[in-house]
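# Structural characterization, general
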Amino acid sequence: MNLEFFIAKRIIKSKDYKSSVSAPIIKIAIAAIAIGLVMMLVAIATGVGLQHKIREKIAAFNGHIRIYNYDNNESEVSVYPVSLDQDFYPEFQNVDGVTHIQAVATKAGIIRLEDTFEGIIAKGVGKDYDWTYFGEYLVKGRLPDYTGKLNNEVLISRYLADRLHLDTDDTFYTFFLKDDESTVPNQRIFKITGIYDSGFQEFDAKFVLTDIRHIQRMNGWSADEVGNFEVFISDFDAIEEKGNEIYGKTLSTLDSETILEEYPSIFDWLGLFDFNIAIIIGILIIVGGFNMITALLVLILERTRMIGILKALGSNDWMIRKIFLYNAAYLIAIGLFWGNLLGLGLLLLQKYSGIVALDPETYYVTEVPVYIAPLYLILLNLGTLLLCLAMLLIPSYIITRIVPAKAMRFD
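Residues numbered from 1 in each chain as written. Predicted model: local features only at pLDDT ≥ 70, side-chain atom pairs only at ≥ 80, totals over all residues. Heavy atoms only, no water.

### So, the nonpolar core
So the rule is basically this: Among the buried residues, those of types Ala, Val, Leu, Ile, Met, Phe, Trp, Tyr and Cys that are joined through side-chain atoms within 4.5 Å form a nonpolar core. Note on exposure labels: buried denotes an accessible area under 20% of the residue type's maximum, exposed denotes more than 50%, and partly exposed covers the range between, all computed with a 1.4 Å probe on protein chains only. For this analysis, residues touch if any pair of their heavy atoms sits within 4.5 Å.
Counting residues in hydrophobic clusters, the biggest one holds 69 residues, and the most contacted among them are Ile-58, Phe-134, Ile-156 and Phe-229. Excluding residues that lie within four positions of it along the chain, Phe-229 makes contacts with Ile-65, Arg-66, Ile-67, Val-82, Ser-83, Leu-84, Gln-86, Phe-88, Tyr-89, Ile-101, Gln-102 and Ala-103. Core analysis: the next-biggest nonpolar cluster, separate from the first, contains 42 residues, Ile-26, Leu-37, Met-40 and Leu-389 among them.

This is how it looks when you write it as C-alpha cells:
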C-alpha cells in the first residue's frame, strides 16, 4: 500500500476537510485552474483553427506549391505555356507526400454589363481539377462540369455576384485583351452555374472559375499546353522541404513556389499566433500555479499538528510532502475536469453554430474557426498538471522547517 496516497485520500474524504477554513481558498484555486484551462483551450483551438482555415483557403486557390514557366515571372496570369508532357504529371511519383496535382491557366478579363463592369481573373480548370474545397464554399447552385465538351459554365464568388447583381443561371459578357492591344478583344458569354463564398475577399474579388479550354483557345495554345501546375501535399508542416524537393525534380526551365513564398505577409502574421498562444498558456499556468501555492500553504498550516505527529512517528520530510502533493494533484485534477467540460462545450458550440463572427476583410474568415486535436488536449492537460505540481515543490519545502514538539502544541 502507498501510505502517502492513503493518508491523502483520507484527508480528501474527511468531512472536516470540506468545512474547514481552507475550503473557500481551495474552491478559488480549483476555479482558477478551471478558468485558466478554458482560456488555454480557447486560445489553442481558435488560434490553430484560424491558421488551418486560412491555409486551406489559400491552397484552394493556388495549391500548396505551384510549378510554372520561368518566363512568367511574378505575373498572376499565364503568359507562357507549360507542356502537359511532364514526368510528374498526372501523378508526382518521385516525391512522397504529394496527394494531387492539377493543371490550370489564368487570364485577366473584364465582366461588362449594361450599367457596370468588374475586373476579374478567369481561372481555367479541367477534368483533373479537385473541387473538394469549392464544394465546401458553394453557397448556391452547383459546381461546373468540364468533363465533357467545351461549355460556358462558370463558378463565380458571392462578392462579385452581389457587386454585379448576378445570380445563378444568369449570363454575362467577358472581354479579354489580346497581346496586340489594337486588335478587338476576345469575347466570351458565360453562364453562372454556382456561387461560392470562401470568405477570403482577396481571392473572391477576382477569381472566376471557367473551362481551361477557353483560356487555351484565346491564348492560341494547343490542348496539351497549360499555364501552370498546382501541387497539393498531405503535410503542410513539411511544405518548405517538399517545395525544395519538387524544385529539384522538375526541368531546369520550370520554377516552383510554395504559398509561403507567394504570400509571405499572411503567413508571417499567422506565425505570430504561435507566440501569442505560448504567452497566454504561460501566464495562465503561472496564475493557476500561484493559486495552488496559496491553497497548499493554507492546507499545510491547517494540518500542522498532523505533520508533527507523523514526524514524531518516524515519517521523513519527503513522505509528508508527498501527502500534500497528492492532495494538490487531486485539486488540480478537479479544476482540469471542469475546465475541460466547460472549455470543450464552448468550443463545440462555436464549431457547430458559429455564434462568434469575424470581419473577413481582417481575418479572412466569417466566423471564429475551431480546431480540436486530441493530442493538443492531452498535452495541455498533462503539461498543466505537471507544471503546477513542479511549482508546488518549493512551497512544500516549508514542511521540513516544522519541529514536531512545537507542531503538536500548535493551535
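### Let's talk about helix 14 (residues 374-393)
Rules: Helical segments are the DSSP runs of H or I of at least four residues, strand segments are the runs of E of at least two, and each set is numbered from the N terminus. Multiplying 1.5 Å by the helix residue count minus one yields the expected span of that helix.
In this model helix 14 runs 29 Å from its N-terminal to its C-terminal C-alpha over 20 residues, within 8% of the 28 Å that 1.5 Å per residue would give. Summarising the contacts, the buried residues of helix 14 are in contact with helix 3 (23-62), helix 10 (264-302) and helix 12 (317-353).

### Focus on empty space enclosed by the protein
Put simply, the test is: A pocket, in this scheme, is an open set of points on a 1 Å grid over the protein atoms alone with protein on both sides within 12 Å along at least 5 of 7 lines, while a cavity is a set where a 1.4 Å probe fits but cannot get out; residues line either one if an atom lies within 4 Å of a point. Grid points are joined across faces, edges and corners, and a volume is the space filled by probe spheres set on the points. Each residue gets one of three labels, nonpolar for Ala, Val, Leu, Ile, Met, Phe, Trp, Tyr, Cys and Pro, charged for Asp, Glu, Lys and Arg, and polar for the others, Gly among them.
All chains considered together, the criterion is met by two cavities of 30 Å³ or more. Considered as a void within the structure, the largest cavity measures approximately 90 Å³ in volume. Taken together, Leu-41, Ile-44, Ala-45, Leu-344, Leu-347, Tyr-371, Ile-372, Ala-373, Tyr-376, Leu-377 and Leu-380 make up the lining of the largest cavity. For the lining of the largest cavity, the elements supplying multiple residues, two or more each, are helix 3, helix 12 and helix 14. A breakdown of the residues in the lining of the largest cavity according to their chemical character gives eleven nonpolar, no polar and no charged. When its volume is computed, the second largest cavity comes out at roughly 40 Å³. Considering the residues around the second largest cavity, the lining is formed by Ala-32, Ile-33, Gly-36, Leu-37, Met-40, Leu-284, Ile-285, Gly-288 and Thr-384. Listing elements by their share of the lining of the second largest cavity, those giving two or more residues are helix 3 and helix 10. Take the lining of the second largest cavity: its biggest share by element is five residues, from helix 3. In the lining of the second largest cavity, the residues fall into six nonpolar, three polar and no charged.

### Looking at the pattern of salt bridges
Short version of the rule: Within this document, salt bridges are pairs made up of a side-chain nitrogen of Lys or Arg and a carboxyl oxygen of Asp or Glu, the two lying within 4 Å of each other.
Inspection of every chain in the model, using the stated rule, returns ten salt bridges. Here Arg-213 makes a salt bridge to Asp-211, at a shortest N to O gap of 2.7 Å. For Asp-211, a relative accessible area of 0% translates into the label buried. Within this structure, Arg-66, Glu-257 and Glu-262 form a network of salt bridges that share partners.

### Side note on the pairing of strand 3 (residues 98-112)
For clarity, the threshold we go by: A strand pair is defined by DSSP finding two or more bridges across the two strands.
Here strand 3 pairs with strand 11 (residues 228-233) via six bridges, running antiparallel. Note on strand 11: the bridge partner recorded for Val-104 is Asn-228. Sheet topology places strand 3 next to strand 4 (residues 117-125); nine bridges connect them, and they run antiparallel. Counterpart to Ala-105 in the pairing with strand 4 is Gly-124. Where strand 3 folds back onto strand 4 in an antiparallel hairpin, the turn is made up of four residues.

### Describing a nonpolar patch on the surface
Here is the rule: Exposure above 30% relative accessible area and the absence of a salt bridge qualify a residue for a patch, where like charges join within 9 Å and nonpolar side chains (Val, Leu, Ile, Met, Phe, Trp, Tyr) within 5 Å. In these tables, accessible area is a Shrake-Rupley quantity obtained with a 1.4 Å probe, and a residue counts as shielded only by the protein chains included in the view.
Together, Phe-275, Ile-279, Ile-283 and Val-287 make up an exposed nonpolar region whose accessible area comes to about 390 Å². Along the chain, Ile-279 turns up in helix 10.

### A closer look at the packing of helix 3 against helix 12
So the rule is basically this: A fitted line through C-alpha atoms represents every axis, and for helices the fit uses only the stretch in contact; the resulting angles, taken between N-to-C directions, go from 0 to 180 degrees. Roughly parallel refers to an angle under 35 degrees, roughly antiparallel to one over 145, roughly perpendicular to one between 65 and 115, and oblique to any angle outside these ranges. Here a crossing is taken to be left-handed if its near helix is turned anticlockwise relative to the far helix by less than a right angle, and right-handed if that turn runs clockwise.
Helix 12 packs onto helix 3 with a crossing angle of 40° between their chain directions and a minimal axis gap of 7 Å. The orientation of helix 3 relative to helix 12 falls into the category oblique. Crossing of helix 3 over helix 12 shows right-handed handedness. Looking at side-chain class alone, the contact of helix 3 with helix 12 contains 18 nonpolar, four polar and no charged residues.

### Things to note about the packing of aromatic side chains
The condition that has to hold: Two aromatic rings from Phe, Tyr or Trp, using only the six-membered ring of Trp, form a pair when their centres are within 6.5 Å; if the ring planes differ by under 30 degrees the pair is stacked, by over 60 it is edge-to-face, and anything between is tilted.
Overall, the coordinates contain 22 aromatic pairs when judged by the stated rule. Ring centres of Trp-131 and Phe-134 lie 6.3 Å apart, and the angle between their planes is 70°; this geometry places the pair in the edge-to-face category. Each member of the pair, Trp-131 together with Phe-134, is buried. Ring centres of Tyr-371 and Tyr-376 lie 6.4 Å apart, and the angle between their planes is 65°; this geometry places the pair in the edge-to-face category. Given a relative accessible area of 33%, Tyr-371 falls into the partly exposed group. The class of Tyr-376 is partly exposed, set by a relative accessible area of 37%. Ring pairs connect the aromatic residues Phe-61, Tyr-129, Trp-131, Phe-134, Tyr-137, Tyr-146, Tyr-196, Phe-200, Phe-203, Phe-207 and Tyr-263, which therefore count as one cluster.

### As for the layout of surface pockets
Size it by volume and the largest pocket reaches roughly 490 Å³. Around the largest pocket, the lining is made up of 25 residues, and of these His-52, Arg-55, Phe-236, Asp-237 and Tyr-371 lie nearest the centre. If you tally residues by element for the lining of the largest pocket, the top one is helix 3, at seven residues. Tallied by class, residues from the lining of the largest pocket come to twelve nonpolar, seven polar and six charged.

### A look at unusual backbone geometry
The omega angle of the peptide bond from Tyr-89 to Pro-90 is 10°, so this bond is cis rather than trans. Note that Pro-90 resides in the loop between strand 2 (82-83) and strand 3. Of note in this structure, His-165 is not a glycine but carries a positive phi near 55°. You will see that Asp-169, though not glycine, has its phi angle at about 75°, which is positive.

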